[in-house]
Amino acid sequence: MKGTAHIAIGALTGLIIANTLQTEPTTTLLLVGSGGIAGLIPDLDIDGKLSNKITIPHKLIRTAAPFIGLFMMIYSYLKGIDTEKWLGIGVGIGIIVFSSFIKKRHMLTITGAGVLVGGLSLQENWLWLLGVFIILASLVPHRSYTHSIVGLIFFGVIAYQFEVSLKVEGVFITCLSGYLSHLIADMKLLPFNKRGVRFFLPFSTKEF
């Protein structure tokens, strides 16, 4: 399934949850956006593709890194205090600058390390946990642990901490549902998928 489809399904999930909670427009946009992003997270593994065509992984990471760096800068400016603020902004700039120089197989790992350092400096649990997730994702094959229950649980912890930080009801369930929607959409049971999802790694390699 193409990346745009995963985004659309995740965003739709966020919209449904927003309508269920009858949220205000700003919160609705947050949930829709969070659902769309969460719908792409499982493909952060190094060989992840946003389409069924063969792509060069580093192009995806090279495109994503500046946005991650920019997000880090904005978030640090809004949430950071004194030294924390400027350290977070510095890390964001570093991600943007160094992403254009590092080799493709190392890009995702280094980006994750930058997010990890930024999260620790800002004392944001969800952010440093996301950094750990990205680092681990860069070390595993495509459609392995990020497409399993283990990955879902790990991301669920990140989503919970994200909701705690934002203090916005619905963020946790939206992010978790968006992530899960990606796994379901990648299942071999659907006629357009040649490969399936190994939900029960490392205990079983059976694809569903």
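Before reading on, note that the structure itself is shown above.
*Asks:* Explain the environment of Leu166 here, please?
*Replies:* The topology assignment puts Leu166 in helix H7 (residues 149–166). Its relative accessible area of 28% is what places Leu166 among the partly exposed residues. In contact with Leu166, not counting residues within four places along its chain, are Leu30 and Val171.

*Asks:* Just to check I follow, could you spell out the pattern of salt bridges for this structure?
*Replies:* In total, this model carries 2 salt bridges according to the counting rule given. With a shortest N-O distance of 3.3 Å, Arg143 and Asp186 are connected by a salt bridge. A residue pair is termed long-range when its members are at least 10 positions apart, and Arg143 in the loop between helix H6 (125–137) and H7 and Asp186 in the segment after helix H8 (171–185) qualify at 43 residues. Since its relative accessible area comes to 8%, Arg143 is described here as buried. For Lys188, the salt bridge goes to Glu207, with nearest N and O atoms at 3.9 Å. Linking Lys188 in the segment after H8 with Glu207 in the segment after H8, this pair joins segments that are 19 residues apart in sequence. For Lys188, a relative accessible area of 39% puts it in the partly exposed group.

*Asks:* It is not clear to me how the packing of H6 against H7 should be interpreted in this structure. Could you clarify?
*Replies:* A pair of packed helices is characterised by two quantities: the angle between their axes and the separation of those axes. In the contact formed by H6 and H7, the axes pass within 8 Å of each other and the chain directions differ by 155 degrees. By the angle between their directions, the pair H6 and H7 is classed as roughly antiparallel. Remark: the crossing between H6 and H7 carries left-handed chirality. Where H6 approaches H7, its residues Asn125, Trp126, Leu129, Leu130, Val132, Phe133 and Leu136 are matched on the opposing element by Gly151, Phe154, Phe155, Val157, Ile158, Gln161, Phe162 and Ser165. Residues that form the contact of H6 with H7 fall into these classes: 11 nonpolar, 4 polar and no charged.

*Asks:* Help me understand the environment of Gly151 in this model?
*Replies:* Tracing the chain through its elements places Gly151 in helix H7. Given a relative accessible area of 5%, Gly151 falls into the buried group. Residues Gly151 and Pro42, 109 residues apart in the sequence, show an inter-C-alpha distance of 7.9 Å. Excluding residues within four positions of it along the chain, Gly151 makes contact with Phe133, Tyr145 and Tyr179.

*Asks:* Can you help me understand unusual backbone geometry in this one?
*Replies:* Excluding glycine, a negative phi dihedral is what most residues carry, and trans is how most peptide bonds are arranged. The linkage connecting Leu201 with the following residue, Pro202, adopts the cis geometry, with an omega of 0 degrees. Following the sequence through the fold, Pro202 ends up in the segment after H8. We note that Arg143 has phi near 60 degrees; this positive angle belongs to a residue other than glycine. Unusually for a residue other than glycine, Lys167 sits at a positive phi of about 60 degrees. The residue Lys167 is located in the loop between H7 and H8 in this model. What makes Lys167 exposed here is its relative accessible area of 72%.

Conventions and cut-offs
- Residues numbered from 1 in each chain as written.
- Predicted model: local features only at pLDDT ≥ 70, side-chain atom pairs only at ≥ 80, totals over all residues.
- Heavy atoms only, no water.
- Helix = DSSP H or I, 4+ residues; strand = E, 2+ residues; numbered from the N terminus.
- Buried < 20%, exposed > 50% of the residue type's maximum accessible area, 1.4 Å probe, protein only.
- Contact = heavy atoms within 4.5 Å.
- Salt bridge = Lys/Arg side-chain N within 4 Å of Asp/Glu carboxyl O.
- Axes fitted to C-alpha atoms, helices over the stretch in contact; angles between N-to-C directions.
- Parallel < 35°, antiparallel > 145°, perpendicular 65-115°, else oblique.
- Left-handed = near helix turned anticlockwise from the far one by under 90°.
- Nonpolar A, V, L, I, M, F, W, Y, C, P; charged D, E, K, R; others polar.

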